[in-house]
Amino acid sequence: MSAADIELREVRKSYYKDRLEIPVLQGLDLEIEAGEYVALMGPSGSGKSTLLHLLAGLDRPDGGSVRVGEAHLESMSERERTRWRSRHIGFVFQMYYLVPVLTAQQNVELPLLLFRMSSAERRERVGTALDVVGLTDRADHRPNQLSGGEEQRVAIARAIVTDPDVILADEPTGDLDAKTSSEILDLLQLLNSEFGKTIVIVTHDQRAADRARRLLHLDKGVFERDEARQASSAS
Amino acid sequence: MTLGYILMQNLRRNPSRTALTVVAFALPMAIFVAAISCVVALKEIGESNAKQLRLAVHDKTTLTNGLPERKRREIEALDPDRKRLRAVCGMRWFGGRVPDEQNTLTSLAADVDTFPVVYSDAGMTETDVEAWERERRACVVGRAIAEQYEWSVGDRVELHSTVPPYLALEFRVVKIMTNPSVANYFFFRRGYLEESLKEAGSENPICNVFWVKCHSVEDLRWLQVEIDRLFAGTSEATKTEDESVFKSRFTQAMGDLPGLMEAMAVVVVVIIALVAGNTMMMSFRERTRELAVFKAIGFASGRIFAIVLGESVLLSLMGALIGIVPTAAILLVFPVRRLNYGPISSLEVSSDAIIASFAIALTVGLVSGLWPAIQSLRLQTTDALRRVA
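All figures in this text were calculated on a predicted structure; none of them were measured in a lab.

**Some thoughts on the overall build of chain A**
Reasoning step 1: When you go through chain A residue by residue, the secondary structure sums to seven helices and 10 strands.
Reasoning step 2: A total of 235 residues make up chain A; the buried ones form 57% of that total.
Reasoning step 3: If you sum the accessible surface of chain A, you get close to 10300 Å²; carbon and sulfur atoms cover 45% of it.

**Looking at the environment of Gly-4 of chain B**
Residues and elements named next belong to chain B.
Reasoning step 1: Within the secondary structure layout, Gly-4 lies in helix H1 (residues 3-10).
Reasoning step 2: Looking at Gly-4, the relative accessible area reads 37%, which means it is partly exposed.
Reasoning step 3: Sequence spacing of Gly-4 and Leu-314 is 310 residues, and the spatial spacing of their C-alpha atoms is 9.7 Å.

**Regarding the pairing of strand S7 (residues 156-161) of chain B**
Along any regular strand the residues' side chains alternate between the sheet's two faces.
Reasoning step 1: Because side chains alternate across S7 of chain B, one face comprises the buried residues Val-157, Leu-159 and Ser-161 of chain B, and the other comprises Arg-156, Glu-158 and His-160 of chain B, none of which is buried.
Reasoning step 2: Hairpin connection, S7 of chain B to strand S8 (residues 168-177) of chain B: the antiparallel pair is bridged by six residues, and Tyr-166 of chain B has positive phi, about 55°.

**Digging into the side chain of Thr-82 of chain A**
Reasoning step 1: Structurally, Thr-82 of chain A can be placed in helix H2 (residues 78-88).
Reasoning step 2: Apart from residues no more than four positions distant in its own chain, Thr-82 of chain A is found in contact with Gly-298, Phe-299 and Ala-300 of chain B.

**Things to note about the sheet that holds strand S5 (residues 71-72) of chain A**
Residue and element names in this part refer to chain A.
Reasoning step 1: Read from one edge of the open sheet, four strands run S2-S1-S4-S5, paired in antiparallel fashion. Edge positions in the open sheet fall to strand S2 (20-32) and S5, since each of these has one partner strand only.
Reasoning step 2: Pairing analysis gives five bridges linking strand S1 (residues 6-17) to strand S4 (residues 63-68), with the strands arranged antiparallel. Each residue of the ladder has a partner; that of Arg-12, found in S4, is Gly-63.
Reasoning step 3: Relative to S1, helix H1 (residues 48-56) is tilted by about 120°, and along the sheet it contacts S1, S2 and S4.

**Looking at the interface of chain A and chain B**
Reasoning step 1: At the junction of the two partners, chain A supplies 27 residues and chain B supplies 27 residues.
Reasoning step 2: Together, the buried faces of chain A and chain B total about 2400 Å²; carbon and sulfur atoms form 65% of this surface.
Reasoning step 3: Inspection of the region where chain A meets chain B yields zero salt bridges.
Reasoning step 4: For the pair chain A and chain B, the interface holds six residue pairs in polar contact (both at pLDDT 80 or more).
Reasoning step 5: The element contributing the most residues to the side of chain A that touches chain B is H2 of chain A, with four residues.
Reasoning step 6: A breakdown of the residues in the side of chain A that touches chain B according to their chemical character gives 14 nonpolar, five polar and eight charged.

**Considering the sheet that holds strand S10 (residues 222-228) of chain A**
Residue and element names in this part refer to chain A.
Reasoning step 1: An order of S6-S7-S8-S3-S9-S10 is seen for the six strands of this open sheet, with the pairing classed as mixed. Two strands in the sheet have a free side with no partner beyond their single neighbour: strand S6 (89-92) and S10. The mean angle between the axes of side-by-side strands here comes to 15°, regardless of whether they run parallel or antiparallel.
Reasoning step 2: When strand S9 (residues 214-219) meets S10, the two strands line up antiparallel, connected through six bridges. In the sheet register, Asp-219 faces S10, and the bridge partner there is Val-222.
Reasoning step 3: Where H1 meets the sheet, its contacts fall on strand S3 (37-41), S6, strand S7 (166-170), strand S8 (198-202), S9 and S10, and the angle it forms with S7 comes to roughly 155°.
Reasoning step 4: Each of S3, S7 and S8 touches helix H6 (residues 178-193); the most contacted strand, S8, lies at about 150° to it.

**Thoughts on helix H7 (residues 190-199) of chain B**
Residue and element names in this part refer to chain B.
Reasoning step 1: Every buried residue of H7 is accounted for by Arg-190, Tyr-192, Leu-193, Glu-194, Ser-196 and Leu-197.
Reasoning step 2: Of the surrounding elements, those touching the buried residues of H7 are strand S3 (85-93), strand S5 (106-110), S8, strand S9 (185-189) and strand S10 (206-207).
Reasoning step 3: Taken from the residues just after H7, Gly-201 is the one with a positive phi, measuring 75°.

**Notes on the side chain of Asn-107 of chain A**
Residues and elements named next belong to chain A.
Reasoning step 1: Mapped onto the elements, Asn-107 comes out in helix H3 (residues 104-109).
Reasoning step 2: Given the relative accessible area of 0%, Asn-107 is considered buried.
Reasoning step 3: Engagement of the side chain of Asn-107 in a polar contact is seen with the backbone oxygen of Leu-102, the distance being 3.1 Å.
Reasoning step 4: Not counting residues within four places of it along the chain, the set of residues in contact with Asn-107 comprises Leu-98, Val-99, Leu-102, Pro-143, Val-154 and Arg-158.

**Considerations on the packing of aromatic side chains**
Reasoning step 1: Inspection of the entire model under this criterion finds 18 aromatic pairs over all chains.
Reasoning step 2: Aromatic pair Phe-94 of chain B and Phe-171 of chain B: ring centres 6.4 Å apart, planes at 80°, arrangement edge-to-face. Linking Phe-94 of chain B in the loop between S3 and strand S4 (96-97) with Phe-171 of chain B in strand S8, this pair joins segments that are 77 residues apart in sequence.
Reasoning step 3: What makes Phe-94 of chain B buried here is its relative accessible area of 2%.
Reasoning step 4: You can call Phe-171 of chain B buried: its relative accessible area is 0%.
Reasoning step 5: An aromatic cluster of three or more residues is present, and its members are Phe-94, Tyr-149, Trp-151, Phe-171, Phe-186, Phe-188 and Tyr-192 of chain B.
Reasoning step 6: Across the ring face of Phe-115 of chain A, the terminal group of Arg-87 of chain A is positioned such that the distance to the ring centre comes to 4.6 Å.
Reasoning step 7: Stacked on the ring of Trp-222 of chain B, the Lys or Arg Arg-84 of chain B has its end atom at 4.3 Å from the ring centre.

**Considering the nonpolar core**
Reasoning step 1: In this structure, Ile-156 and Leu-168 of chain A are the most contacted members of the largest nonpolar core, which totals 96 residues.
Reasoning step 2: Ignoring sequence-local partners within four residues, the contact set of Ile-156 of chain A consists of Val-92, Val-133, Ile-184, Leu-187, Leu-188 and Leu-191 of chain A.

**Observations concerning the packing of H2 of chain A against helix H11 (residues 288-297) of chain B**
To describe two helices that pack against each other, one gives the angle between their axes and the distance between the axes.
Reasoning step 1: Between H2 of chain A and H11 of chain B, whose axes approach to 7 Å, the crossing angle comes to 80°. Here H11 of chain B runs roughly perpendicular to H2 of chain A, going by the angle between their axes. Contact with H2 of chain A, carried on its side by Glu-78, Arg-85 and Ser-86 of chain A, involves Lys-295, Ala-296 and Ile-297 of chain B of H11 of chain B and no other residues of that element.
Reasoning step 2: Residue classes in the contact of H2 of chain A with H11 of chain B are distributed as two nonpolar, one polar and three charged.

**Points about the environment of Pro-68 of chain B**
All names here are of chain B.
Reasoning step 1: Along the chain, the position of Pro-68 falls in strand S2 (residues 67-68).
Reasoning step 2: The exposure class assigned to Pro-68 is buried, which follows from its relative accessible area of 18%.
Reasoning step 3: As a C-alpha pair, Pro-68 and Glu-236 span 168 residues in sequence and 8.7 Å in three-dimensional space.
Reasoning step 4: Leave out the neighbours within four places in its chain, and Pro-68 touches Pro-205, Phe-210 and Glu-236.

**Examining the pattern of salt bridges**
Reasoning step 1: Inspection of the entire model under this criterion finds 41 salt bridges over all chains.
Reasoning step 2: Note that Arg-207 of chain A is salt-bridged to Asp-205 of chain A, the shortest N-O span being 3.5 Å.
Reasoning step 3: A salt bridge links Arg-17 of chain B to Glu-286 of chain B, with the shortest nitrogen-to-oxygen separation between them at 2.9 Å. Placement of Arg-17 of chain B in helix H2 (residues 15-51) and of Glu-286 of chain B in helix H10 (residues 257-286) is noted, with a sequence separation of 269 residues between them.
Reasoning step 4: A relative accessible area of 16% means that Arg-17 of chain B is categorised as buried.
Reasoning step 5: Judged by relative accessible area, Glu-286 of chain B falls into the exposed class, the value being 53%.

Reading guide: rules and limits
Residues numbered from 1 in each chain as written. Chains lettered and ligands numbered in written order. Predicted model: local features only at pLDDT ≥ 70, side-chain atom pairs only at ≥ 80, totals over all residues. Heavy atoms only, no water. Helix = DSSP H or I, 4+ residues; strand = E, 2+ residues; numbered from the N terminus. Buried < 20%, exposed > 50% of the residue type's maximum accessible area, 1.4 Å probe, protein only. Areas by Shrake-Rupley, 256 points an atom, 1.4 Å probe, with all protein chains shown as cover. Pairing = 2+ DSSP bridges. Contact = heavy atoms within 4.5 Å. Axes fitted to C-alpha atoms, helices over the stretch in contact; angles between N-to-C directions. Buried area = accessible area lost by both parts, 1.4 Å probe. Salt bridge = Lys/Arg side-chain N within 4 Å of Asp/Glu carboxyl O. Polar contact = N/O pair within 3.5 Å; in protein donor to acceptor, adjacent residues only side chain to side chain. Nonpolar A, V, L, I, M, F, W, Y, C, P; charged D, E, K, R; others polar. Phe/Tyr/Trp six-rings, centres within 6.5 Å; stacked < 30°, edge-to-face > 60°. Lys NZ or Arg CZ within 6 Å of the ring centre and 35° of its normal. Core = buried A, V, L, I, M, F, W, Y, C linked by side-chain atoms within 4.5 Å. Parallel < 35°, antiparallel > 145°, perpendicular 65-115°, else oblique.

Here you go:
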């Protein structure tokens, strides 16, 4: 069980379209404690996903610093960030992005291919992750044999199988109905409360945001509000 | 689970497309192997012919114009001591068919005394020669023909000529020739043919070709010039060619067959490269986001490069395997010599063709997968993920 704190200082990021600079993040400062559950909200284009990508080391800031645990991401090469990400970050996507030709078990096993470990240990880890998300009985099913909620649970199992410090979720309930969304949010809450994972979730869904203990409103590349709150309980 | 397993599973992603791509690979590869095997066979026959040190002397204008049989003595007189010339054998086209069959066999009437010397590649033993000289109706038959009609030594066989006066002659097989260079030939005694023609009221002892066996390449070159010089300016002017040039007339009647086949092989390779390249690009574009997710999970660019390239190579090699193995099997079970196509009487799948095919498949796989693989290296994970977000 591990978690990491996060610190952003004066983070700036712009994109260019037809040589035109489009500023996305404009000098963001942020501190997230290890084991915190944070929701990021804001209108489309406010910089939520960009921030998430910076936290994951998928991108580098144009200026400022991004520290996750001991890692100073702004000064690391792409190769170093990739290696670091495989060990410290679990990523959950809106559309799950499971490999359609692999079973649930094999999808969960994917990140472990980057680790040197025996097949027995690998099986054990995959089994544990599937157990946590409650899909042990669906291990041999392919994505097209699973419901949307089950697919997202497999994606969460894939994100936690390496025991990462931080779980980043980009609209994890965006493609799910209310009941299934609630189940996925329960699961994320469990990972935070029981396993102590630092969780940062990007969402447009107020019910998803209500599960977090801290809510950040991002607009036009700056934080508008930073609310500490009592997380609503799991259903 | 390994990366290799993932590669194999990826091919199942779109089974119809994988199957069609593999077939699109397999068929040209099959054609390639067959074409290159033909080229190799033709070249081997050409080389084998060149070793026989034989000259073909025929009418300068056309092969169908026969030359009088006395020309043999005139040619022999060029080298009375036989220092350059070993023997001269006159041959006349018979063009026989087995009754009720469509194929015309390369059947030729040859001078009885010199045939075993001039056609030493017939491999006749003393016993064979004795039988050949003793029996008026003796014939020596190439292995391909013997296998096709299930003839063996001692069998009585009948051929019907396809040229006037359409004689039907009976023969007795005294020898089966196993050498590939004569596997599609049927030789019998010219005396027997001339006598039969006389009986049919069509006496006209001529030869379409005089084969001149030489001692050396230098002798062959000398005789080639001297024979044509001897008959130049007469109404029976000759054209003298070495055997490989003479026989290439028949293959080149359909154009430059080896050249054509080599060109075909090149076209085939280009086609499969385009097919494979197109498939790999489509596959890559469809999976851009998935590959971005692989990167997000922590897969290094090099691994993703290997996955994309490996898939292309795997697809190519599968196609090559599926194309080559049945072709080899078919050629083993159904030898092309049974098609009775003279020049390629001994076509077998060339090991060179198989090695070349796999090398080409590997190259095409690498080349066609290279561009998508490079694209995967350039893939901006955040852009690819944002396209859906």
